[in-house]
Amino acid sequence: MSSLTIALAGNPNVGKSTIFNGLTGARQHVGNWPGKTVEKKEGVAQIRGKEIVVVDLPGTYSLTAYSIEEIIARDFIVNERPSVVVSVVDAANLERNLYLVAQLIELNVPVIVALNMSDLAKTRGLKIDPAALSMRLGGIPVIETVGNRGLGLTELKDAIAQVVENPAAAAPVLLDYGRPLEGKIKALEAIITTNTALRKKYNARWLAVKLLENDEGIIEALQAAGQSALLKEAEMVIEELEAVTGEDTETLIADRRYALIGEVIGGVLERPRAAVETQSDKIDRIVTHRIWGVPIFLLLMWVVFQFTANVSAPFLDWVDMLINETIMGWAFSLTGALGLGGTWIEALLTDGIIAGVGAVLVFVPVLMFLYFALAVLEDSGYMARAAFVMDRVMRAIGLHGKSFLPMIVGFGCTVPAVYATRTLENEDDRKLTGFLATFMSCGARLPVYVVFGAAFFGANAGNLTFAMYILGIVIALITGFVMKRVVYQSKPPAPFVMELPPYRVPTARGVFTQMWERSSSFLRKAGTVILAASIVLWLLLAIPLGADAAAPDGRDAGFNNVRAEDSVFGTLSGAIAPVFAPAGFGSWEAAGSLVTGFIAKEVVIGTMGQIYVDEAEAAPTDEAVAAGEEVEEEPGTTFGEDVGNIIVSFGEAAVLTVQETINIIPRTVNIIPGVEMPEADFLGGEEEEDTTELEAALTAAFTASAGSEQAGKLAALAFNVFVLLYVPCMVAVAAMRQEFGARWMWYQIAYTTALAWLAAVIVYQGGKLVGLG
């Protein structure tokens, strides 16, 4: 670890990330804490010519080991001993935020207080004297900041530089707990001081306080270290204090901290005589309304998915052209120039890597637009309102609004959603919430919805995506309702208390940083998991199974003249395909795509890209061969022409993206019956709706398999319902096993797979019964 390290600590929603971004700029790295799935942000700040590592600790209200975030924050400060801890405080909620500051002071580390969102505090009529607060906290620096506007960052950097050079400038004054606590703390402190091993690892006073708080994490660590004598002494002290006071020691310590905080802010904070109604309060009267709150939430989600599906479409077509035409053409030219044309190397590169990985990369614009929209909602403060609004709905299934937060995380990825259940105190609530989170449509499923939506529903593709997300929520609620009455009977939900952050105007830097962090993880997966899966799939499609596997006309149907349906992959997929016939997609291609989707849901599209597109490209060749005709190759283009086409088509995609963004307004207004608002048309109606190779191949295959165009749409819808509901990817399954045990994992696998099949069959067969297919 660097000798100069800053730790940023603070409550959730205090603007800690904006301070982090302001200090580090673009020089930051996002990963996970060792052995944990909690996100770890680390960056480098240049302060007075020195490179200082900045670590953004998880948001937490205290340093008591109740949640994984609290444990990570505390253990980092205790074990890594950063040069400075910057405690980012919400100036508008000073008293509550100072509780964490008090605990940081007890760790006896250099502390700087950043009074963030000080502009918001002023709009609420609050007046804070930073100099007086600094004096009452023992002289530690207190800096006013407005992180999202970059105000106060220069002063904060100066304070950091001063403390790095002279740590004593931020040495806090220890809290005095008064009688009878203080005497017992000093008694334990004296015992700890005599123990060399403990004295080297812990601050003696802090450890004494933690023992009196009955901190489970500390007690377990001391038990593992064989410190049974100290633990027995602590138990005796606790019994004596409880006998004298009649209260448990943890409550006594918390009460004393708040009393000290009250004394601190007494001459520091001046409140207005009458409560000031803020702009956030006025907005919340509508957005969190007991009647209108849920419809507003659903409308916003609909707008998000219209934005995701339609606004991203021009760039989706551009990336598809770039990969499947330009890059694929370059690959053929390169292998031909190297004398590798027609070899297994060319087949692996084009049919395996580019076709498989490329089919997934085409949907990077879709994910980037989704993460952009979610980042805007998150930065604005609305996501916390979504959990609050859904609390009433969640209580119908015996949970509370806090359980909806992991589900919101599940819209991005199921794996962190499963781990996010650790924030729930009740074990049964954790298991049930983790179980239900798998029904939330993760970002990996989105490419499936988008490609099927564009192939079968055209301009209404966004409605399909929206319907899948809403269906996932509805299925989760129904499942929870049943499980709470069958598995978890007579267990009322815990009370739900949640802080609603003030509304803010999202910053471009914050939104684009979040968008890139989430999108880059998808790109990393494309370069590892999906690349490996594409290569393995290509091999399985190239290996024949049986003597009659070769293409009868000698055409190269795979690398080894193997018909795809007679390859190892095709044969195994064909064996399970009849299971899906009642749902309308009983082909080996669809079945095989679902199997590989267990690796990662993006691989469903990657597999289809390798199977369906190859078949579609081969079909004209079959006809030509049967007629005895020569197949004419289209004249190639030069490298310069390709580059020029890329630039021109990118510009056209940008123009169409602006047009689609504007058209969200009339499409939203036109939901109202009897209202019709014209849409923008920048290109005078001359633009054509592009169809990618995969979309065209899927339309032909599903229509042919179902027997009609309408039946093909119904089968496509049933396929998407199955993808929504069936077992999540293998990493998510592993996370469930780690968190909830093997038995719960197998219950989840069996339930989701059976439910997905049943729902898909109902959609297809039910649709046919009512005349839709």
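Quick caveat: nothing in here was measured; it's all calculated off a predicted structure.

Asker: How would you sum up the overall build of the protein? Please name residues and give values.
Answerer: Each helix and strand counted, the protein has 33 helices and nine strands in total. For the protein, buried positions account for 51% of its 773 residues. For the protein, the proportion of contacts with a sequence separation of at least 24, taken over those separated by at least 6, is 74%. Counting every atom, the protein has about 34100 Å² of accessible surface; 60% of that belongs to carbon and sulfur.

Asker: Describe the environment of Q46, listing the residues and the values that go with them.
Answerer: In this structure, Q46 sits in strand β3 (residues 39–47). Each C-alpha atom of the pair Q46 and T24 lies 7.7 Å from the other, and the pair is 22 residues apart in sequence. Within polar-contact distance, the side chain of Q46 engages the side chain of E51 at 3.2 Å.

Asker: Please provide a residue-by-residue account of the pattern of salt bridges, values included.
Answerer: The full count for this structure, using the stated rule, is 15 salt bridges. A salt bridge links D158 to R48, with the nearest nitrogen and oxygen atoms 3.8 Å apart. Here R48 lies in the loop between β3 and β4 (50–56) and D158 lies in helix α6 (residues 153–165), a separation of 110 residues in the sequence. The shortest N-O distance in the salt bridge between E213 and K210 comes to 2.6 Å.

Asker: Go over a negative patch on the surface with me, naming the residues and quoting the values.
Answerer: On the surface, E235, E239, E242, E247, D248 and D255 cluster together into a negatively charged patch. Within the element layout of this structure, E235 appears in helix α11 (residues 228–245). Assessed through its relative accessible area of 49%, E235 is described here as partly exposed.

Asker: Could you give me a rundown of the pairing of strand β6 (residues 111–116), with the residues and numbers involved?
Answerer: Counting buried positions over the six residues of β6 gives six, a clear majority of the element. Every second residue of β6 is oriented toward a common face, with V111, V113 and L115 on one face and I112, A114 and N116 on the other, all of them buried. Here strand β5 (residues 84–90) pairs with β6 via six bridges, running parallel. Considered in β6, the bridge of V86 is made with I112. Note on the crossover from β5 through helix α3 (residues 94–106) to β6: the handedness is right-handed.

Asker: With reference to specific residues and values, describe the packing of aromatic side chains.
Answerer: A complete count under the given rule lists 23 aromatic pairs for this structure. Between the aromatic rings of F452 and F719, the centroid separation amounts to 5.1 Å while the plane-to-plane angle is 25°, which identifies the pairing as stacked. Of this pair, F452 sits in helix α22 (residues 446–457) while F719 sits in helix α31 (residues 709–725); the two residues are 267 residues apart in sequence, bridging distant segments of the chain. Both residues of the pair, F452 and F719, count as buried. With 5.2 Å between their ring centres and 85° between their planes, F585 and F719 make a pair best called edge-to-face. Here F585, found in the loop between α26 (568–576) and α27 (588–596), pairs with F719, found in helix α31; they are 134 residues apart in sequence, far enough to count as distant. An aromatic cluster is present here, built from F452, F456, F580, F585, F702, F719, F722 and Y726 joined pairwise through their rings. It is R385 that lies over the ring of Y503; its NZ or CZ is 4.0 Å from the centre.

Asker: I'd like to hear about the packing of helix α14 (residues 293–311) against helix α23 (residues 461–486), residue by residue, with values.
Answerer: For the pair α14 and α23, the least separation of the axes is 8 Å and the interaxial angle reads 135°. As far as their axial angle goes, α23 and α14 are oblique. Considering only the axes of α14 and α23, their crossing is right-handed. Residues L298, M301, W302, F305, Q306, A309 and N310 of α14 touch α23, and the partners they reach there are A461, G462, N463, T465, F466, Y469 and I470.

Asker: Before we move on, can you summarise a nonpolar patch on the surface with the specific residues and values?
Answerer: Nonpolar side chains collect at one region of the surface, where V474, I478, F481, V482, V486 and V487 lie side by side and expose about 500 Å² of accessible area between them. As for its placement among the helices and strands, V487 is situated in the loop between α23 and α24 (508–527).

Asker: Summarise α14; cite the residues concerned and give the values.
Answerer: The end-to-end C-alpha distance of α14 is 26 Å, a good match for the 27 Å that 19 residues give at a rise of 1.5 Å each. Every buried residue of α14 is accounted for by G293, F297, M301, W302, V304, F305, Q306, F307, T308, A309, N310 and V311.

Asker: Hey, could you go over α11 for me, with residue numbers and the actual values?
Answerer: Over its 18 residues, α11 runs 26 Å from end to end, which matches the ideal 26 Å to within 8%, given 1.5 Å per residue. By the burial criterion, the buried members of α11 are L230, L231, A234, V237, I238 and L241. Buried residues of α11, viewed axially, fall in a sector of 120°; they line one side. Structural note: α11 exposes A229, K232, E239 and A243 on the side pointing more than 90 degrees away from its buried face. At its buried positions, α11 is contacted by α7 (181–193), α8 (196–201), α9 (204–212), α10 (216–224) and α12 (249–266). Trailing α11 by a residue or two, G246 shows a phi angle of about 80°, which is positive.

Conventions we followed
Residues numbered from 1 in each chain as written. Predicted model: local features only at pLDDT ≥ 70, side-chain atom pairs only at ≥ 80, totals over all residues. Heavy atoms only, no water. Helix = DSSP H or I, 4+ residues; strand = E, 2+ residues; numbered from the N terminus. Buried < 20%, exposed > 50% of the residue type's maximum accessible area, 1.4 Å probe, protein only. Contact = heavy atoms within 4.5 Å. Areas by Shrake-Rupley, 256 points an atom, 1.4 Å probe, with all protein chains shown as cover. Polar contact = N/O pair within 3.5 Å; in protein donor to acceptor, adjacent residues only side chain to side chain. Salt bridge = Lys/Arg side-chain N within 4 Å of Asp/Glu carboxyl O. Patch = residues over 30% accessible without salt bridge, like charges linked within 9 Å, V, L, I, M, F, W, Y side chains within 5 Å. Lys, Arg positive; Asp, Glu negative; His and termini not counted. Charge placed at Lys NZ, Arg CZ, Asp CG, Glu CD. Pairing = 2+ DSSP bridges. Right-handed = clockwise from strand over helix to strand, strands pointing away. Phe/Tyr/Trp six-rings, centres within 6.5 Å; stacked < 30°, edge-to-face > 60°. Lys NZ or Arg CZ within 6 Å of the ring centre and 35° of its normal. Axes fitted to C-alpha atoms, helices over the stretch in contact; angles between N-to-C directions. Parallel < 35°, antiparallel > 145°, perpendicular 65-115°, else oblique. Left-handed = near helix turned anticlockwise from the far one by under 90°. Expected span 1.5 Å × (residues − 1). Arc of directions from axis to C-beta.

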